[in-house]
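Architecture at a glance
So the chains spell out like this:
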Amino acid sequence: MATATTRDFLGVTRSHEGRWELPIRTQILGGRSGSLFGGAGLAAGVVALEDATDRPVVWAMCQFLSTVGPPATLDVRAELPAIGGSVTQGRVQAYLGEREIFTAIGSAGSRRELLSGSWHERPSVPPPLECELVVRRGETASIHQHIEARMAKGMFGFVGTGTPTNDGANHLWIRMPGVRHDAAALAIMADYLASAVGNAFGRLAHCSSLDNTIRFARPITPDDADGWVLCENRIDFVGNGFANGTSLM
């Protein structure tokens, strides 16, 4: 049973009312380049928004304005410009000194459920342990050492594990061993969508994020805390040096 929350993993601590610190002491929160991994930034925004509102996040979007690497400590500030009976709208900004690193906005809350449903068919793939393990050789310590990924379909475009498909999609089983799979953890995993860019072209491709958005069909419960998450990643288009895609988890 995973005991650490994503807040613990990120090291987010409250410093003042409406403010938190996000320490980047090592490359543990960084990607291949060593700078803050986009999913970790969005996850920190989710942690701050849920902490500030005491409500589950419904959706959150993060715009990455500047890169930052260790050693650094970000000053994370939350504002709640609209507090309703069931939903609170919030804004989270992270600074290194006077330099803004990322801005996240989102909504937290819940409403009485009158209708619910899902009309997307989950893909049929082999179970995780029957899928090829993604191994990232020769990299310095990074957030990727804390995420286990296995290829269910397609190629992992960062390192070439798997076989490329011609439909712009790859399917990944992902988990964070020892970390509870809360909403913030899913925000980290969702950033592996970028691995589908290389799959779409049948070659290695590394990307940096301009923005990430995540939406939750329902609040994450303790029953979701362990196990594997299937990420169905699809690249919609690539052009002008930018890629756009969607991940269903």
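Preceding this paragraph is the structure being described.
So, here's what we can say about the structure. Please read all numbers here as calculations on a predicted model, not as lab measurements. (Residues numbered from 1 in each chain as written. Predicted model: local features only at pLDDT ≥ 70, side-chain atom pairs only at ≥ 80, totals over all residues. Heavy atoms only, no water.)

**Quick notes on unusual backbone geometry**
This is how it is decided: Working definition: helices are DSSP H or I runs of at least four residues, strands are E runs of at least two. Numbering for both runs from the N terminus. Each residue gets one of three labels from its accessible area relative to the maximum for its type: buried under 20%, exposed over 50%, partly exposed in between, using a 1.4 Å probe on protein chains only.
Here Pro70 and Pro71 are connected by a cis peptide whose omega angle stands at -5 degrees. As for its position among the elements, Pro71 is in the loop between strand S3 (57-64) and strand S4 (72-83). Despite not being glycine, Asp54 shows a phi value in the positive range, around 55 degrees. A relative accessible area of 70% means that Asp54 is categorised as exposed. Residue Asn240 is not a glycine yet carries a positive backbone phi of 60 degrees. Residue classification places Asn240 among the exposed positions, given a relative accessible area of 74%.

**Overview of the packing of helix H2 (residues 38-53) against helix H3 (residues 183-190)**
The condition that has to hold: With axes taken as lines fitted to C-alpha atoms, and helix axes fitted only over the stretch in contact, angles between N-to-C directions fall between 0 and 180 degrees. Each angle is binned into one of four classes, with values under 35 degrees roughly parallel, values over 145 roughly antiparallel, values of 65 to 115 roughly perpendicular, and all other values oblique. In this scheme the handedness of a crossing depends on how the near helix is turned from the far one: anticlockwise by less than a right angle means left-handed, clockwise means right-handed. Two residues form a contact once any of their heavy atoms are found within 4.5 Å. Only Asp, Glu, Lys and Arg are considered charged, only Ala, Val, Leu, Ile, Met, Phe, Trp, Tyr, Cys and Pro nonpolar, and every remaining residue, Gly among them, polar.
At their nearest, the axes of H2 and H3 sit 7 Å apart, and the two run at 160 degrees to each other. When the interaxial angle is binned, H2 and H3 end up roughly antiparallel. The handedness of the crossing between H2 and H3 is right-handed. Of the residues in H3, those in contact with Gly39, Ala40, Leu42, Ala43, Val46, Val47 and Glu50 of H2 are Ala183, Ala184, Ala187 and Ile188. In terms of residue class, the contact of H2 with H3 is built from 9 nonpolar, 1 polar and 1 charged.

**Let's talk about the environment of Asn166**
You can see Asn166 is positioned in the loop between strand S10 (161-162) and strand S11 (169-175). Judged by relative accessible area, which is 81%, Asn166 ranks as exposed. It is 15 Å that separates the C-alpha atoms of Asn166 and Leu204, two residues lying 38 residues apart in sequence.

**Notes on the sheet that holds strand S14 (residues 242-248)**
Counted only if it meets this: In this scheme, strands are said to pair when DSSP sees at least two bridges between them.
With antiparallel pairing, the 5 strands of this open sheet are ordered in space as S7-S8-S11-S13-S14. The sheet is open, and its two edges are formed by strand S7 (132-133) and S14, each paired on a single side. Sheet topology places strand S13 (residues 229-239) next to S14; 7 bridges connect them, and they run antiparallel. Within S14, the residue paired with Val238 across the bridge is Ala243.

**Examining the sheet that holds strand S5 (residues 87-96)**
Within the open sheet, the 7 strands sit side by side as S1-S2-S4-S5-S6-S3-S12. Their pairing is antiparallel. This sheet does not close on itself; its edge strands, each paired only once, are strand S1 (13-16) and strand S12 (211-215). Sheet twist, expressed as the mean angle between neighbouring strand axes with direction ignored, is 25 degrees. Looking at chain direction, S3 and S12 are connected through 5 bridges and run antiparallel. Across the sheet, Gln63 pairs through a bridge with Asp211, a residue of S12.

**Remarks on the packing of aromatic side chains**
Short version of the rule: Pairing of aromatic rings covers Phe, Tyr and Trp, the last counted by its six-membered ring, and requires centre-to-centre distances within 6.5 Å; plane angles under 30 degrees mean stacked, over 60 mean edge-to-face, and any other angle means tilted. Definition used: whenever NZ (Lys) or CZ (Arg) falls within 6 Å of the ring centre and also within 35 degrees of the ring normal, the charge is taken to sit over that ring.
A full pass over the atoms with the stated rule returns 3 aromatic pairs. The interplanar angle of 50 degrees and the centroid separation of 5.8 Å between the aromatic rings of Phe156 and Tyr192 together place this pair among those described as tilted. Of this pair, Phe156 sits in strand S9 (residues 155-156) while Tyr192 sits in the loop between H3 and helix H4 (195-201), and the two are 36 residues apart along the sequence. Each of the two residues, Phe156 as well as Tyr192, counts as buried. Through pairs of rings, three or more aromatic residues link up here, namely Phe37, Phe156, Phe158 and Tyr192. Stacked on the ring of Tyr95, the Lys or Arg Arg77 has its end atom at 4.2 Å from the ring centre.

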